[in-house]
Amino acid sequence: MTVDPKYEYASESSLQHANYMKNSKAIGVLWGVFTICFAIIVVVVFIQPHWLGDTQESRGTGHFGLWQACRMVQDGQDVICEGKLTDFNSIPTPAFRAATVFIGLSVVIILLCICCMVLFFVFHSSTVFHICGWMQVFCATCMVIGVLTFPAGWDSEIVREVCGPQADDYNPGQCGVRWAYILAIIGVCDCGVLAALAFVLGTRYVKLLPEHYITSGSLYKGEVNSAFIADNQSTPSRKSTNIQPVMVVPPGVESDHYSEYSHHTLRSNKGFRQDTFSNNSVANFQL
């Protein structure tokens, strides 16, 4: 039986699609795990006041975060941190306030993105990946704005008391950039990669479905017997018009009991008698 190339292509496409879906599920799980890790990074960056800090050459002792400014008191024993999220007026500079707002928005967006993962049980995975991808794009954008806005407040008096008079916009003076600021920059790159991966997982699923593979809203599964399913759905007239050829052997022509596609019989066998058939009879064989 000859199989329509259309169904062969559909079967191969379905196998490729099944293999891709198995791999995409594993990649999707890793994407979810890394998204949760990124959310932890953003929360730590938002809370910790170690974006800018003193060095051995600094004029004073202290460190600064988004909404906290920690300095050592005059007795040189304790470090006091100033600034509260509930009171924006306590944040030292307008640049620090803007950075606090944008990094705070990124925290809220990434937490909502994690909550949206529950939608995998309700909606199609492609739709959920696109929703989470756009949320991660907005999260990365807010983080970029916050990272670029924070150095604009280094010219304030409270920063110059620790970093010296050389401190200016985007110039830390005698201070140095600390681990929280570096972690925020890494978080921006991480969020961009996660957003790109979410869009890839959402679009490749749709592209792998062949056009002729979807008929009347239903999806044919790629079993090996897809050709037989198509055969069974054909019209009865096709089977009724299938005429089998008949071979007529004229009188006097030797004929064998075996098909001509099988092994040839030995004409020299003693048990073979040519007078089995009458010269006046006609033998009909159906192929």
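Residues numbered from 1 in each chain as written. Predicted model: local features only at pLDDT ≥ 70, side-chain atom pairs only at ≥ 80, totals over all residues. Heavy atoms only, no water.

- The name given to the protein chain in an unreviewed UniProt entry is LHFPL tetraspan subfamily member 3 protein like, and the organism recorded there is Argiope bruennichi.
- Its UniProt record gives the protein chain a comment under Subcellular location (unreviewed entry), which states: "Membrane". (UniProt positions renumbered as here; feature names shortened; annotations may be inferred.)

Looking at the pattern of salt bridges
Point 1. With the rule as written, the count across this model stands at three salt bridges.
Point 2. One salt bridge connects R71 with E161, and the closest N-O pair in it is separated by 2.4 Å. Residue R71 is located in strand β3 (residues 69-72), and its partner E161 is located in helix α4 (residues 157-163); the two are separated by 90 residues in the primary sequence.
Point 3. One continuous salt-bridge network, built from bridges that share partners, spans R71, E82 and E161. (Salt bridge = Lys/Arg side-chain N within 4 Å of Asp/Glu carboxyl O. Helix = DSSP H or I, 4+ residues; strand = E, 2+ residues; numbered from the N terminus.)

Some points on the environment of G176
Point 1. Within the secondary structure, G176 sits in strand β5 (residues 176-177).
Point 2. What makes G176 buried here is its relative accessible area of 18%.
Point 3. Not counting residues up to four positions away in its chain, the partners in contact with G176 are W51, L52, G53 and T55. (Buried < 20%, exposed > 50% of the residue type's maximum accessible area, 1.4 Å probe, protein only. Contact = heavy atoms within 4.5 Å.)

Some words on the state of the cysteines
Point 1. Using the criterion set out here, one finds two disulfides in the structure.
Point 2. Disulfide pairing places C70 opposite C81 at an S-S distance of 1.9 Å. Its torsion about the S-S bond being 105°, the disulfide of C70 and C81 is classed as right-handed. With a gap of 11 residues between them, C70 in strand β3 and C81 in strand β4 (residues 79-82) connect regions that are remote in the sequence.
Point 3. Put simply, C163 and C175 are joined by a disulfide, and their sulfur atoms are 1.9 Å apart. For the disulfide bridge between C163 and C175, the dihedral angle about the S-S bond is near -100°, and by the sign convention the bridge is left-handed. Residue C163 is found in helix α4, and its partner C175 is found in the loop between α4 and β5; the two are separated by 12 residues along the sequence. (Disulfide = S-S within 2.5 Å.)

Examining the nonpolar core
Point 1. Membership of the largest hydrophobic core comes to 47 residues, with the highest contact counts inside it found for W31, F38, W51, L52, L66, F150 and V159.
Point 2. For this core, the secondary-structure elements that each account for two or more residues are α1 (5-47), α2 (94-116), α3 (125-149), α4 and α5 (179-207).
Point 3. The leading source of residues in this core is α3, at nine residues. (Core = buried A, V, L, I, M, F, W, Y, C linked by side-chain atoms within 4.5 Å.)

Considerations on the UniProt feature "transmembrane region" (unreviewed entry) in the protein chain
Point 1. Under the UniProt annotation, "transmembrane region" (unreviewed entry) lies at residues 26-47, 98-122, 134-154 and 179-201.
Point 2. Across residues 26-47, the secondary structure splits into 100% helix and 0% strand, with the terminal C-alpha atoms separated by 32 Å.
Point 3. Note that residues 179-201 is 100% helix and 0% strand, and that its end C-alpha atoms are spaced 32 Å apart.

Quick word on the sheet that holds strand β1 (residues 52-53)
Remark on secondary structure: sheet strands pair via backbone hydrogen bonds, oriented parallel or antiparallel.
Point 1. Pairing is antiparallel across the open sheet formed by five strands, whose spatial order is β4-β3-β2-β1-β5. With partners counted over all chains shown, the strands left at the sheet margins are β4 and β5, one partner each.
Point 2. Across four bridges, β3 lies against β4 in antiparallel orientation. Each bridged residue has a counterpart across the sheet, and for A69 the counterpart in β4 is E82. (Pairing = 2+ DSSP bridges.)

Brief notes about the pairing of β3
Point 1. Where strand β2 (residues 62-64) lies against β3, three bridges are found, and the strand directions are antiparallel. Along β3, the bridge assignment pairs G62 with R71.
Point 2. Following β2, the chain reverses through four residues before pairing antiparallel with β3.

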